[in-house]
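What follows is each chain in one-letter form.
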Amino acid sequence: SRQQSGLSQPSTTPDPWAISGPEAAQYDGYFSRLDSVQSGFLSGAQASTLLSKSGLSSEARSQIWGMSDVDRDGHLTRAEFRIAMHLAMRVARGSQLPATLPPELAQLVPAAAPAPSQMARQPPPDPWAISSSEAAQYDGYYSQLDTAQCGIISGAQAATVLSLSG
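In this report, the structure presented in the accompanying data block is examined. (Residues numbered from 1 in each chain as written. Predicted model: local features only at pLDDT ≥ 70, side-chain atom pairs only at ≥ 80, totals over all residues. Heavy atoms only, no water.)

## Considering the overall build of the chain
For clarity, the threshold we go by: Only DSSP runs of H or I reaching four residues or more are called helices, and only runs of E reaching two or more are called strands; each is numbered from the N terminus. Any residue under 20% of the maximum accessible area for its type is buried, any over 50% is exposed, and the rest in between are partly exposed; the area is computed with a 1.4 Å probe on protein chains only. By the convention used here, residues are in contact when the closest approach between their heavy atoms is within 4.5 Å. Each accessible area is a Shrake-Rupley result for a 1.4 Å probe, and residues are judged covered by the shown protein chains and nothing else.
Each helix and strand counted, the chain has nine helices and two strands in total. Tracing the chain from N to C terminus, the helices and strands come up as α-α-β-α-α-β-α-α-α-α-α. The proportion of buried residues among the 166 residues of the chain is 24%. Once local pairs closer than 6 in sequence are excluded, the contacts in the chain between residues at least 24 apart make up 59%. As presented, the chain carries roughly 10,800 Å² of accessible surface, and 57% of it is formed by carbon and sulfur atoms.

## Here we look at helix 4 (residues 58–68)
Among the residues of helix 4, those classed as buried are Ala60, Arg61, Ser62, Ile64, Met67 and Ser68. Buried residues along helix 4 sit in contact with helix 3 (44–51), strand 2 (75–77), helix 5 (78–92) and helix 8 (132–145).

## Examining a nonpolar patch on the surface
Under the convention used in this document: Residues form patches when they are more than 30% accessible in relative terms and have no salt bridge. Like charges link within 9 Å. Nonpolar side chains (Val, Leu, Ile, Met, Phe, Trp, Tyr) link within 5 Å. In what follows, salt bridge is the name for a side-chain nitrogen of Lys or Arg lying within 4 Å of a carboxyl oxygen of Asp or Glu.
A cluster of nonpolar residues, Ile130, Tyr138 and Tyr141, forms a patch on the protein surface that exposes about 300 Å² of accessible area. Mapping Tyr138 onto the fold places it in helix 8. The exposure class assigned to Tyr138 is partly exposed, which follows from its relative accessible area of 40%.

## Observations concerning the pattern of salt bridges
Under the definition given, this model contains three salt bridges. In this structure, the salt-bridge partner of Glu23 is Arg90, at a minimum N-O distance of 2.9 Å. Pair noted here: Glu23 is in helix 2 (residues 21–34) and Arg90 is in helix 5, with a separation of 67 residues, a long-range link. Notably, a salt bridge pairs Asp28 with Arg82, separated by 2.5 Å at the nearest N-O pair. Of the two residues, Asp28 is situated in helix 2 and Arg82 in helix 5; the sequence distance between them amounts to 54 residues. Of the residues examined, Asp28 reaches a relative accessible area of 17% and is grouped as buried. Within the structure, one salt-bridge network assembled from shared partners comprises Asp28, Arg78 and Arg82.

What follows is the structure, encoded as structure tokens:
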């Protein structure tokens, strides 16, 4: 038998971070519906619309965004969106959120980490950029206003919130 010969049996337990074909198709369907202009990427607001329905805390969603936006451009490509959705779905079903992007998911985005020479050429951070905690806070405000969960708020609703900013 294989055990006696020293060969290990292949694992029958699927890797929890590997994305199955049906899961990829489901995530791609969500991506296509959200990317209505077929730009090939989703903004944080577009992705947040769906991720906020996961039931995960804003902190968990922020960590998921941080891991899935591997090129740190503030947008998700189809592959990055698959990563975000898969992390959110697994965590929503009880898996522990990993501290770093699992290799099974990192391999979906070939250039997951910029080369050190590319990092040196990057411009300084934008002083107008918001932190992930601020983004999560603003997402919470938006979700409270978007009671219909349609991704759109009225001008009157926006004006009310903006008038509070001074």
